Amino acid sequence: MTDRATATAKFDRRNPVTGEVASTAVAFTVGDATAAADAAAIALAAWSALGPTARRAALNLAADRMAARGDTFVEAMMSEVGATEGWARFNLKLAVDMVREAAALTTQIGGEVIPSDKPGCMALALREPAGVVLGIAPWNAPIILGTRAIATPLACGNTVVLKASERCPRTHALIVDSFVEAGLGNGVVNLVTNAPDDAGIVVGALIDHPAIRRINFTGSTSVGRIIAKRAAEHLKPVLLELGGKAPLIVLEDADLEEAVKAAAFGAFLNQGQICMSTERIIVVSSIADEFVRRFAAKAQAMPSGDPREGKTPLGAVVDRQTVTHVNALIDDAVAKGAKVVAGGKAENVFMPATVVYGITDSMRLYGEESFGPVVGVIRATDEAHAIRLANDSEYGLSAAVFTRDTARGLRVARQIRSGICHINGATVHDEPQMPFGGVKNSGYGRFGGKAGIDAFTEIRWITVETQPGNFPI
């Protein structure tokens, strides 16, 4: 909790739309962060010893407390990161569902009896809490990803420290407040907020803390590498969900209207600021021009505007740095022969839904994650070429393929190197019970459902001898 901080220094988060102060949070020192991990370590014995029914009840109450704060969550998220009300309410709903799914897992943390060749030996495989879990969550889907960082670890009997994003400290604090109100205070759930300039030393101190036994991080690949290296020095497992450059393949037998709708949803939801966002649309040449005509018309019908007014499907991007980055990607693509068929460059944080046609591998937009409302369209000669293009990326989080032939779609999906692939669905899709994560530079490990149990528990081998042993010496 924030009241563990002894620091008097604070930092402000400013609204990306108005420039006004959206929230003020305590700037934790290394000592404050250490104290939060200490508190989690002290609370571990009692929380891990609590039975599954009691843990489930506490988590369900936390979900109720989150749902009851709906309007407060929405206001915080809109002011801190420029989200639309719809995106904020979707965040809250999915996050509440994640807590309820985690609650349902408390009785699913099972073991097994393993046949032993040793006479009279009963061999057991048991799952036990890993210890204190450090969750480091980003700003782009703050309620979902802040909740995901702690819900399943708690269900497994761990205590947690949530390291809030500097861009949405109030939103992440509201998650922790909800859990504390549900009885998960006194060190079970802890919050750390830090000034942006202190992120490195605060996170480093938490990773180094001897009580921290698991770390999960959602964010950029560059920062994920730093965290993984630091954790490796202490041989601590890390679950990493990192960047993406999700491809959506449209084959010649696809339902184009469905493909257009899914592509627009995947590319422009939350202004393209989602790890699963559709960043590359790969279309077989025979239908490419027609697809682009329809898709450009769809994008042009999706204006951006002030999220406080609630009149547009797109709100604001998180900062001017995003504007500069996306504009540079567009400039580079156009200079090398691509054509902007919808949208274009922006002068402020209200960026238009932008479609760039004719992307090639010489262009930055081909390989760089934009994390903004711009998507490149690439022509493929045939199915095999489309698969090669989809795999020609350092990332491998989500993907999609559109075809009327389900068997064909499954065959293509099996050849795409990604942690997730949807047939006739958008690249943006998440459910609490699903194994969520990527491959290559999109990270490793899986959140969600029973995969989360594996991530946040230790499996132990225990034997019981039921008859006298026969020892050769």
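Note on numbering: residues in each chain are counted from 1, in written sequence order. Whole-chain, interface and lining totals are the exception, using all residues; otherwise, since this is a predicted model, local features are given only for residues with pLDDT of at least 70 and side-chain atom pairs are given and counted only at 80 or more. Only hydrogens and water are set aside when side-chain values are computed; all heavy atoms of the structure are taken into account.

**Thoughts on the nonpolar core**
At step 1: Grouping buried Ala, Val, Leu, Ile, Met, Phe, Trp, Tyr and Cys residues that are joined through side-chain atoms within 4.5 Å yields what is termed a nonpolar core. Working definition: with a 1.4 Å probe on protein chains only, accessible area under 20% of the residue-type maximum means buried, over 50% means exposed, and in between means partly exposed. Within the largest apolar cluster, 66 residues are counted, with the highest numbers of intra-cluster contacts made by Met66, Ile150, Leu154, Phe179, Leu184 and Val189.
At step 2: By residue number, the principal contributor to this core is helix H4 (residues 85–105), which donates 11 residues.
At step 3: Ignoring anything within four residues of it in the chain, the contact list for Leu154 reads Trp47, Arg55, Leu59, Thr159, Val160, Phe179, Leu184, Val188 and Val189.
At step 4: Ala264, Phe291, Ala296 and Met302 belong to the second-largest nonpolar core, a separate cluster that totals 32 residues. Only runs of H or I of at least four residues qualify as helices and only runs of E of at least two qualify as strands under DSSP, and these elements are numbered from the N terminus. Between two residues, a contact is recorded if the distance between any of their heavy atoms is within 4.5 Å.

**Some points on the environment of Ser418**
At step 1: On the secondary structure map, Ser418 appears in the loop between helix H15 (406–415) and strand S17 (422–423).
At step 2: Aside from chain neighbours lying at most four places away, what touches Ser418 is Gly396, Leu397, Ser398, Ala399 and Val439.
At step 3: Of the polar contacts made by the side chain of Ser418, one reaches the backbone oxygen of Ile420; its length is 2.7 Å. Think of a polar contact as two N or O atoms within 3.5 Å of one another; within protein, one of them needs to be a possible hydrogen donor and the other a possible acceptor, and neighboring residues in sequence only count if both atoms come from side chains.

**As for the sheet that holds strand S8 (residues 212–218)**
At step 1: Taking strand neighbours across the sheet as the criterion, the six strands line up as S7-S6-S5-S8-S9-S19 in an open arrangement whose pairing is mixed. If you trace the sheet from one side to the other, it starts and ends with strand S7 (189–192) and strand S19 (443–444), each paired once.
At step 2: Strand pairing is assigned whenever DSSP detects at least two bridges linking the two strands. Direction of pairing for strand S5 (residues 132–136) relative to strand S6 (residues 159–163): parallel, over a ladder of five bridges. What sits directly across from Val132, in S6, is Thr159.

**A short note on the pattern of salt bridges**
At step 1: We define a salt bridge as a contact between a side-chain nitrogen of Lys or Arg and a carboxyl oxygen of Asp or Glu at a distance within 4 Å. Taken as a whole and judged by the stated rule, the model has 29 salt bridges.
At step 2: Ionic pairing is found between Arg69 and Glu181, a salt bridge with its closest N-O pair at 2.4 Å. With Arg69 in the loop between helix H2 (52–68) and helix H3 (70–81) and Glu181 in helix H7 (residues 169–181), the pair connects residues that are 112 residues apart, well separated along the chain.
At step 3: Residue classification places Arg69 among the buried positions, given a relative accessible area of 18%.
At step 4: For Glu181, a relative accessible area of 44% translates into the label partly exposed.
At step 5: Put simply, Arg408 and Asp253 hold a salt bridge, and the shortest N to O gap is 3.2 Å. Of the two residues, Arg408 is situated in helix H15 and Asp253 in the loop between strand S10 (246–250) and helix H10 (256–268); the sequence distance between them amounts to 155 residues.
At step 6: A single network of salt bridges, built from pairs that share partners, joins Glu252, Asp253, Glu383, Arg408 and Arg411.

**Some thoughts on unusual backbone geometry**
At step 1: Despite not being glycine, Leu235 has its phi angle at roughly 55°, a positive value.
At step 2: Among the secondary structure elements, Leu235 is positioned in the loop between helix H9 (221–232) and strand S9 (238–241).
At step 3: The exposure class assigned to Leu235 is exposed, which follows from its relative accessible area of 72%.
At step 4: One non-glycine residue, Phe371, adopts positive backbone phi at about 50°.
At step 5: Along the chain, Phe371 turns up in the loop between helix H13 (364–367) and strand S14 (374–380).

**A closer look at the packing of H3 against H7**
At step 1: A fitted line through C-alpha atoms represents every axis, and for helices the fit uses only the stretch in contact; the resulting angles, taken between N-to-C directions, go from 0 to 180 degrees. Interhelical geometry of H3 versus H7 gives an angle of 155° and a closest axis separation of 8 Å. Looking at the two axes, H3 sits roughly antiparallel to H7. Packed against H3, whose contacting residues are Thr72, Phe73, Glu75, Ala76, Met77 and Glu80, the element H7 presents Pro169, Arg170, Thr171, Leu174, Ile175 and Ser178 at the interface.
At step 2: Looking at the contact of H3 with H7, its residues break down into six nonpolar, three polar and three charged. The labels follow the angle: roughly parallel below 35 degrees, roughly antiparallel above 145, roughly perpendicular from 65 to 115, and oblique for the rest. Gly is put with the polar residues, along with every residue not named as nonpolar or charged; the nonpolar set is Ala, Val, Leu, Ile, Met, Phe, Trp, Tyr, Cys and Pro, and the charged set is Asp, Glu, Lys and Arg.

**Topic: H2**
At step 1: Helix span is expected to be 1.5 Å times the residue number reduced by one. Helix length check: H2, at 17 residues, gives a terminal C-alpha distance of 24 Å against a target of 24 Å (1.5 Å per residue), a fit within 8%.
At step 2: Buried residues belonging to H2 abut helix H1 (30–49), H3, H4, helix H5 (142–148), helix H6 (151–155) and H7.

**Side note on helix H14 (residues 383–391)**
At step 1: Most of H14 is tucked away, with seven of its nine residues classed as buried.
At step 2: Here H14 has its buried residues at Glu383, His385, Ala386, Ile387, Leu389, Ala390 and Asn391.
At step 3: Lining the buried residues of H14 we find S10, strand S11 (278–284), H13, S14, H15 and strand S18 (439–440).
At step 4: N-capping of H14 is provided by Asp382, with a side-chain oxygen placed 3.4 Å from the backbone N of Ala384.

**Focus: the state of the cysteines**
At step 1: By definition, disulfides here are pairs of cysteine sulfur atoms that lie within 2.5 Å. Taken as a whole, this structure holds zero disulfides when the rule is applied.
At step 2: Residue Cys168 stays outside any disulfide, its sulfur separated by 14 Å from that of Cys275, the closest cysteine.
At step 3: For Cys168, a relative accessible area of 0% gives the class buried.
At step 4: Its sulfur unpaired, Cys421 is 15 Å from the next cysteine sulfur, which belongs to Cys275.
At step 5: With a relative accessible area of 25%, Cys421 lands in the partly exposed category.

**Brief notes about the packing of H3 against H4**
Between two packed helices, what matters for the description is the angle formed by their axes and the separation of those axes.
At step 1: Where H3 contacts H4, the axes come no closer than 9 Å and their chain directions differ by 130°. Comparing their axes, H4 and H3 come out oblique. Considering only the axes of H3 and H4, their crossing is right-handed. Between H3 and H4, the contacting residues are Gly70, Asp71, Phe73, Val74, Met77 and Met78 on the first element and Glu85, Trp87, Ala88, Arg89, Asn91 and Leu92 on the second. Helix crossings fall into two classes, left-handed where the near helix is turned counterclockwise from the far one by less than a right angle and right-handed where it is turned clockwise.

All quantities given are derived from atomic positions and should not be read as evidence of function.
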